[in-house]
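A structural walkthrough
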Amino acid sequence: MKRSTRVALSTVLIAPLVAGLTWSQAAAQDRVIKIAGVGAMSGVVRTFGVNAKATLDMATDEINAVGGIKLKDGSRAKIVTTYVDERCNAEEGISVIRKLASEDWLVSIGPTCSNVAEPLFGILQRKAGDAGDSGLQFPIFTDTAIKPGLAKISEWSFRNVPHEPTMYNHLFKWLKEKNPDAKTVMIGVESDFAHSNANAGIMEAAAKAAGFEVLGQEKWLLNDTEFSTQVGKFRRAKPDIIGIAAHPFTTCGAVREMKRQGVKPKVLVGLTSSATLETMVGCGPEAEGMIIPTGFAPVTPEAKRVAKTVAEKYKGNVDLHSAAVYENIQVLKMVVETSGVEGKPTTVASDRRKIRDGLAQVKEFQGLLGKVQRTEDRESTKPYVFAQARNSDWAVLYDPR
Amino acid sequence: MSDLVLDVVQQALNGFLFGSSYALIGIGFTMIFGVMEKLNLAFGVTALGGAYAALLVFRLTHGPFLLVFLASVVAAGLIGLVVEVTCFRWMPRDYPLAALMATVGMLFFVEEIIVHATNGMPLAFPAPLGQLMFDVGPWLFRGDLGFMFLVSLGVMGGLWLLVYRTRLGLATRAVSQQPVAAQLCGIGLRRVNAAVFVLTGMVGGVAGALIGSAVGNLSPLLALPLTVKGLVTAVLGGLGSIPGAIVAGLLLGVVEYQALYFFGIGYRDMVTYLLLFAFLVFRPGGLFGSRAR
């Protein structure tokens, strides 16, 4: 056989083998776990989305840097992410989740706002596997929307948000112990925001349960700028404790007006969502002394590391909401590794179901502040601390862990 | 004196003073309408944009409030000019809705720029008079709102001088009353329109800086309320009437504060819009405008 013929024959024989090997490797490489972040990237709550995206990017980059997720058959899959804007608008949120579900995304982390989460969970299949229910079969693992009790709407909805009633019950009980002379509580609430409204009810119930007399609630709106009427009523009632169930913009306005009118309660309590950098930037020294129970503070080595990395490399802030994104990614990694998810284009529907079932079976996981317990209704019971605004930063006042 | 009387008077005082912020915004709406017979719904965000630009200057220089104030006035004047060019000059004149919708677009465009630049976070705005309070008998009097009231009176006086004592004012009135005749007399319509937008933008800058200072924070959340309250003020006062805007702004402030006190937050804005509705039905020309415009 001539040399040229030998080369040609070898090529013909070897090429399919090489091609087959390459295809097989490529197929393994192509296996991806697609996770979509959904949150507010525009509008006045954009900061939530920015921080959640930064944390999502950090968590997935770390996992991908060490080879991605190890699937049950031994192959590895990279995490692919996107982050979609729901603008804190229910219609927008439903629209983006429908689009993601029509594509090959396996699971979503989000949304930001409770007023989006509530109707959004309503379009999911209520009971997993119910053939008579045509609702979306798409797992959602919420990081931010915090209004209590939402995950029970659908068996496809999961949340890893702090349980506010537990935290505020504990806080008011603790305040009663530390301030036995304090008798009365008054609450200021941003009445047109779902989370604030729900939180005001939680604060009131917690205060009553701890033995305080609740003198009433003063209401304002999310974009109000002047609070003299409401604060004037605080001034006249002279409550020992004032709770402010409002987001940073109006919280800052209210505490500023309190200072102006000389309203000085023994204790000032804030909304969980205000235990953020935003409050420090907006309120300045007027926030000094405010106490807020929060599901995140850089008090463990891992929490410190994550907060530092996200701040330095991803230009975001880790707070009680965005910290949950990091935890959710770790939980999803564990679920994908143990539940037989294949990560192929042909197995999207079954992979979604496996992720849902896997999430439902998680009873406990390691969070940034410690062990997080999962409840039967797909919510988390998270460790928390009481943070206090001191010297324009949040310091840990009490750590009950 | 009973608590009720004390509270009602305190509410009236607070409303009256806070109403000066509505008056300043209302002046901008009313002046542009007076000259062009068109609504500029981007005026509120022009004021806010000026205040944000001033905050940027403050952060870069840590200069005195006067510098912040002037920066707001200049920046808002420039934004006003951009609004005039993009939303009015470039729009087809035979389709009035185009300009109106362009200003709506500009409102949300500028608001979203602010959101993207700040991530929507409220930012502390310098407030040199922020904690100044006076005891007037049993009542409290906010120093910063009092200052805002005085400034709005000053702005009104300045505008009156400008409109009735300068050549630009004469040209503006001519364009406002007889645009074609004014052009035939050699008055440049574009130049007058641009001057009015710069001027009202500067008034917006005054309002933005003072409102930012009174609130103590800037947030994109302010864009829509400034627009709505400014528009309501201008309509109540009579579109085109500067004194009308001042009186209506103060009236609106008093009505809102009394409604808040007596009916609660859920009804405050309902009372405002009922008042607007009543004016539109019974006195469509507003307090100082002509009845049939």
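Quick look at the structure, then. Keep in mind the model is a prediction, meaning the values are calculated, not measured.

**Some thoughts on helix H8 (residues 248-261) of chain A**
Residue and element names in this part refer to chain A. With 14 residues, H8 ought to run about 20 Å at 1.5 Å a step, and its terminal C-alpha atoms sit 20 Å apart, in line with that. Along H8, 12 of the 14 residues are buried, which leaves the element largely enclosed by surrounding structure. Within H8 the residues assigned to the buried category are Pro248, Phe249, Thr250, Thr251, Cys252, Gly253, Ala254, Val255, Arg256, Glu257, Met258 and Arg260. In the stretch just after H8, glycine 262 is the one whose phi turns positive, near 70°.

**Considerations on the interface of chain B and chain A**
Contacts between chain B and chain A engage 30 residues on the former and 30 residues on the latter. Of all the elements, helix H1 (residues 3-36) of chain B adds the most residues to the side of chain B that touches chain A, at 4 residues.

**With respect to unusual backbone geometry**
Residue and element names in this part refer to chain A. Of note, the bond from glycine 110 into proline 111 is cis; its omega dihedral lies within 30 degrees of zero at -10°. Structurally, the position occupied by proline 111 is in the loop between strand S4 (107-109) and helix H4 (114-122). Even without being a glycine, lysine 315 presents a positive backbone phi close to 55°. Backbone geometry places arginine 378, a non-glycine residue, at a positive phi of 65°.

**A word on the environment of A:Asp357**
Residue and element names in this part refer to chain A. Note on placement: aspartate 357 falls in helix H12 (residues 348-361). Aspartate 357 gets classed as partly exposed once you count the C-beta atoms within 10 Å, which come to 16. Considered as a pair, aspartate 357 and proline 139 are 218 residues apart in the sequence and their alpha carbons are 9.4 Å apart.

What counts, and at which threshold
Residues numbered from 1 in each chain as written. Chains lettered and ligands numbered in written order. Predicted model: local features only at pLDDT ≥ 70, side-chain atom pairs only at ≥ 80, totals over all residues. Helix = DSSP H or I, 4+ residues; strand = E, 2+ residues; numbered from the N terminus. Expected span 1.5 Å × (residues − 1). Buried ≥ 20, exposed ≤ 12 C-beta atoms within 10 Å, placed from the backbone. Contact = placed C-beta atoms within 7 Å.

Any functional reading would require information that these geometric values do not contain.
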